[in-house]
Amino acid sequence: MLSLVPDLLVRGALTEDEAKSIPLTVRGSSREVQWLIDNTKVSSADLAQSIAQRDGFEYVALDQVRIDPAAVSTVPVSVCRRDGVIPIALTGKGGLVLAMQDPGNVLAIDDAQMSSGRAITPVVAGAKEIQAAINKYHRSDKELSALTNAISEEVQQRQAATLQTAADDDTAPIVRVVNLLINQAIHDGASDIHIDPGEHESVVRYRIDGILHEVQRSDSDIHAGIVSRLKIMAGMNIAEKRAPQDGRFSVSTGDRRVDLRVATLPTVWGETVVMRLLDARSAPSHLSDLGFEPAQLEAFQRSIHKSHGLVLVTGPTGSGKSTTLYAALREVATPEVNVITVEDPVEFRFPGINQVQVNPKAGLTFAAALRSILRADPDIVLIGEIRDAETAKIAIEASLTGHLVLATLHTNDAASAVTRLSEMGVEPYLVSSALTAVVGQRLARRLCAYCRRPTSVPIAQAQQMGLAGLEEIADVQVYEAVGCSHCQHSGYRSRLGVHEIIEMSPTLARMTLDGAGAGDLAAQAQAEGTVPMRGDGWTKVREGITTIEEVLRVVS
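Sequence order as written defines the numbering, with residues in each chain counted from 1. The predicted nature of this model means local features are confined to residues of pLDDT at least 70 and side-chain atom pairs, given and counted, to a pLDDT of 80 or more, with totals for whole chains, interfaces and linings taken over all residues. Only heavy atoms go into the side-chain values, all of them from the structure, while hydrogens and water stay out.

The protein carries the name Type II secretion system protein GspE in an unreviewed UniProt entry, which gives Pseudoclavibacter caeni as its organism. UniProt positions are given in the numbering used here, feature names are shortened, and annotations may be inferred rather than shown by experiment. The UniProt entry for the protein carries the following comment under Sequence similarities (unreviewed entry): "Belongs to the GSP E family."

Visitor: Even after reading the chapter, I still don't get the overall build of the protein, so can you show me in this structure?
Guide: Per the secondary structure count, the protein includes 23 helices and 18 strands. On the principal axes, the C-alpha backbone points of the protein span a range of 85 × 65 × 55 Å. Buried means the residue's accessible area, taken with a 1.4 Å probe over protein chains only, is under 20% of the maximum for its type, while exposed means over 50%, and partly exposed covers the values in between. Within the protein, the proportion of its 556 residues that are buried is 48%. Across the protein, every contact between residues at least 6 apart in sequence was considered, and the portion connecting residues at least 24 apart equals 62%. For accessible areas, the Shrake-Rupley method is used with a probe of radius 1.4 Å. Any residue's cover is judged against the shown protein chains and nothing else. Accessible area for the protein stands at about 26,500 Å²; split by element, carbon and sulfur atoms hold 50% of it. Charged-residue counts in this description rest on Lys and Arg as positive and Asp and Glu as negative, His and the chain ends being excluded. Just so you know, the charge point we use is NZ for Lys, CZ for Arg, CG for Asp and CD for Glu. Side chains of the protein carry 53 positive and 68 negative charges; the gap between the two charge centres is 2 Å. A run of DSSP states H or I qualifies as a helix once it reaches four residues; a run of E qualifies as a strand once it reaches two. Both are numbered from the N-terminal end. Here, residues are in contact when the closest pair of their heavy atoms is within 4.5 Å.

Visitor: For this particular structure, what's the right way to read the UniProt feature "domain: Bacterial type II secretion system protein E" (unreviewed entry) in the protein?
Guide: What UniProt calls "domain: Bacterial type II secretion system protein E" (unreviewed entry) maps, in this numbering, to residues 374-388. Helix makes up 0% of residues 374-388 and strand 27%. Its end C-alpha atoms lie 18 Å apart.

Visitor: Explain the packing of helix α11 (residues 173-188) against helix α12 (residues 223-233) here, please?
Guide: To characterise two packed helices, one gives the angle between the axes of the helices and the distance between these axes. Here, axes are lines fitted to C-alpha atoms. For helices the fit covers the stretch in contact, and angles between N-to-C directions go from 0 to 180 degrees. The N-to-C vectors of α11 and α12 enclose an angle of 75°; their axes lie 9 Å apart at closest approach. Relative to α12, the element α11 lies roughly perpendicular. Across the interface between the two elements, Ile 174, Val 175, Val 177, Val 178 and Ile 182 of α11 pack against Gly 225, Ile 226, Arg 229, Leu 230 and Met 233 of α12. Only Asp, Glu, Lys and Arg are considered charged, only Ala, Val, Leu, Ile, Met, Phe, Trp, Tyr, Cys and Pro nonpolar, and every remaining residue, Gly among them, polar. When its residues are assigned to classes, the contact of α11 with α12 shows eight nonpolar, one polar and one charged. Oblique is the label for every angle not falling under 35 degrees (roughly parallel), over 145 degrees (roughly antiparallel), or within 65 to 115 degrees (roughly perpendicular).

Visitor: Help me out: how do you make sense of the nonpolar core in this one?
Guide: A general feature of soluble globular proteins is that nonpolar side chains tend to end up buried together. Counting 40 residues, the largest nonpolar core has Leu 310, Leu 312, Ile 383, Ile 386 and Leu 435 as the members making the most contacts within it. Excluding its chain neighbours within four sequence positions, the residues that come into contact with Ile 383 are Leu 325, Val 342, Phe 366, Leu 370, Thr 391, Ala 395, Val 405, Leu 406, Ala 407 and Thr 408. Here the nonpolar core consists of buried residues drawn from Ala, Val, Leu, Ile, Met, Phe, Trp, Tyr and Cys, with membership extended through side-chain atoms lying within 4.5 Å. Formed by 28 residues, the second largest nonpolar core is a distinct cluster that contains Val 204, Met 236, Phe 249 and Val 251.

Visitor: What is the right way to read the pairing of strand β4 (residues 192-196) from this model?
Guide: On a regular strand, one side chain projects to one face of the sheet and the next to the other, so that they alternate. By the criterion of burial, β4 is predominantly enclosed, with five of the five residues buried. The alternating pattern of β4 places Asp 192, His 194 and Asp 196 and Ile 193 and Ile 195 on opposite faces, both of which are buried. Sheet analysis places β4 next to strand β5 (residues 201-208), joined by five bridges and oriented antiparallel. Its bridge partner lying in β5, His 194 is registered against Arg 205. Whether two strands pair comes down to DSSP finding at least two bridges between them. In sequence, β4 turns back onto β5 through a hairpin of four residues. Where β4 lies against strand β9 (residues 270-279), four bridges are found, and the strand directions are antiparallel. Of the residues in β9, the one forming a bridge with His 194 is Val 274.

Visitor: Can you walk me through unusual backbone geometry in this structure?
Guide: Negative phi values dominate among residues other than glycine, just as trans dominates among peptide bonds. A positive phi angle, near 55°, is found at Asp 209, a position not held by glycine. By the element assignment, Asp 209 lies in the loop between β5 and β6 (211-219). Classification of Asp 209 by relative accessible area gives buried; the value is 17%.

Visitor: Can you help me understand the side chain of Ser 432 in this one?
Guide: Here Ser 432 lies in helix α18 (residues 428-434). On the accessibility criterion, Ser 432 (14% relative accessible area) is buried. Polar side-chain contacts of Ser 432 include one of 3.0 Å to the backbone oxygen of Tyr 429. Setting aside chain neighbours within four positions, we find Ser 432 in contact with Ala 509, Thr 512 and Leu 513. Throughout this description, a polar contact denotes any pair of N or O atoms lying within 3.5 Å of each other; where both atoms belong to protein, one of them has to be capable of donating a hydrogen while the other can accept it, and for residues adjacent in sequence the pair is counted only when both atoms sit in side chains.

Visitor: Even after reading the chapter, I still don't get the sheet that holds β4, so can you show me in this structure?
Guide: Across a sheet, strands are paired by hydrogen bonds formed along the backbone, either parallel or antiparallel in direction. Read across the open sheet, the six strands follow the order β6-β5-β4-β9-β8-β7; overall the sheet is antiparallel. Pairing within the sheet leaves two strands with one partner each, and these edge strands are β6 and β7 (245-253). Across the sheet, the axes of successive neighbouring strands diverge by a mean angle of 20°, strand direction being ignored. Running over the sheet, α11 touches β4, β5, β7, β8 (256-267) and β9 and is turned about 25° from β5.

Visitor: When you look at the packing of helix α13 (residues 294-304) against helix α14 (residues 321-332) in this model, what are you seeing that I'm missing?
Guide: Taken N-terminus to C-terminus, the directions of α13 and α14 make an angle of 65°; their axes are 11 Å apart at the nearest point. Here the hand of the crossing between α13 and α14 comes out right-handed. Taken together, the residues of α14 that come into contact with α13 (itself represented by Phe 300, Gln 301 and Ile 304) are Thr 324, Ala 328, Glu 331 and Val 332. Split by residue class, the contact of α13 with α14 holds four nonpolar, two polar and one charged. Here is the rule for handedness: rotate from the far helix to the near one, and if that takes an anticlockwise turn smaller than a right angle the crossing is left-handed, while a clockwise turn gives right-handed.

Visitor: Which parts of the structure should I look at to understand the sheet that holds strand β12 (residues 354-357)?
Guide: Read from one edge of the open sheet, seven strands run β12-β11-β13-β14-β10-β15-β18, paired in mixed fashion. Two strands bound the open sheet, and with one partner strand each, they are β12 and β18 (492-503). Geometrically, the sheet is characterised by an average inter-axis angle of 20° between neighbouring strands, direction not taken into account. Pairing of strand β15 (residues 435-447) with β18, which is carried by 10 bridges, proceeds in the antiparallel orientation. Bridge assignment links Arg 442 to a residue of β18, and that residue is Val 498. Running at roughly 60° to β18, α13 makes contact with β10 (309-314), β14 (404-409), β15 and β18 of the sheet.

Visitor: In this structure, what is going on with the confidence of the model for the protein? I would like to understand it.
Guide: Low pLDDT marks stretches whose predicted atomic positions should not be read closely. Residue-level confidence of the predictor, termed pLDDT, takes values from 0 up to 100. The predicted model of the protein has a mean per-residue pLDDT of 86, with 92% of residues at 70 or higher. Looking over the protein, one finds the lowest element-wise mean pLDDT in helix α10 (residues 160-166), namely 46, and the highest in β10, namely 96. For the stretch residues 159-168, pLDDT sits under 50, and the model shows 18 contacts to residues farther than four places along the chain or on other chains.

Visitor: Got a minute to help me understand the pattern of salt bridges in this structure?
Guide: Where charged atoms from two side chains of opposite charge come close, those side chains can pair. Just to be clear on terms, a salt bridge is a Lys or Arg side-chain nitrogen sitting within 4 Å of an Asp or Glu carboxyl oxygen. Using the criterion set out here, one finds 20 salt bridges in the structure. Put simply, Glu 472 and Arg 542 hold a salt bridge, and the shortest N to O gap is 2.8 Å. You can see Glu 472 sitting in the loop between α19 (459-465) and β17 (476-480) and its partner Arg 542 sitting in helix α22 (residues 533-542), a full 70 residues away along the chain. Owing to a relative accessible area of 22%, Glu 472 belongs among the partly exposed residues under this scheme. One continuous salt-bridge network, built from bridges that share partners, spans Arg 82, Asp 83 and Asp 111.

This is the structure:
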């Protein structure tokens, strides 16, 4: 078997240094592809093209061809996922074109041939592109519709109690419905699942990149069964329907383990369910992944690397505050320091960090937990949220006694966090002494790099919005969302932070001590170089990362 290295070098997909690092015993062997995946940055598409060139097969870019749904349906999704293949076309002679990364995998070809009953013509495609196509074309929608219709007919002949009992039967259709809803949400990259009851219909929506998308409507008769099944999975009381409940469970799909936080709320048409999907792999590993501009990143890193002080991350619910703090912890948590967190709930579990989950029913509130952990010799303390005056005062006192305290606070901007602490009853002189920095942030959707389209904004309009300076005379070029198969035709893929960072200077500390308002503090911070959130948003618009509409949507 010939090595792929020469062709990858010609394509520019592999550097000379990377090529030199490949052991001679690996080159040209069956282990070469996996070694390249694990140890280099060669893309799956480049690997596939080189394999096709070496073995004499046709290469297919799956994101640029039309895949025939009729062909896809000939091979079960379980076979496609297990073998990493997907049928893409039917041939005139009763054959099937099968996309696969390794066309020499005769076992996978045999599986596809036996399940489809057709002769197989293999073509080569990238492994990631194959997985994306499987997720796209083997969606759960049709199976969900068939199952919900079947259950609706069954419910008409049964009492609700019977359905709730069946919700704990692993072979029951209601179990398959719930599993499909969760698995599809994970594959779609959803952060939340909403299951809302109505008078006649139950509606399922996924929150993807901060926006809710409706994915399923079914007869309201099956809603009680879905809720009961989820309550059983989350360890909740299925008999209690008049009070809100909270629970948690985990699921595994492929090589991923995802935690789901479940909350129910009684409404006039039944209980609504919201599930938050917590995937540890989605947590950013570096602060540089969050969208900080270079000056902002430098300022934030200065703050979190100090030995003591209070660093606050502010913003509304769902603005990524916890994600920012977790990324900060990854940077500062070393074996030489003792890190303890107090959270409600613990969203991501990290090795080497002591994480405490509050339990008000047992008397373990934020304040009670903080009083206890300060006796456990911490160097760094993370507080999931400062909710009351007692927690705020303990956090301030901890930061003044040699601890670095990282915490979140619900305010509209960074400057408001300073006045909010005073309003909570913390003396201004303590705030001015303890506070090191405040980060205000929002999450904006990131433009899809595959389909974004350049456009221009008239200079007068750009200047009026603050998108351009007065010295500019030409129209401002930006990008707009279009939509393609890579982004489910939304025009956006993933999100990034829009930030503002206020570092407490002597002047700001003195103003805080004198009781200055949020407006005066913000003006002084901007005079000292702080870029406001909307200004940071405009920077990202001009860089082609997001759109004007997104900045206006997330920054008031």
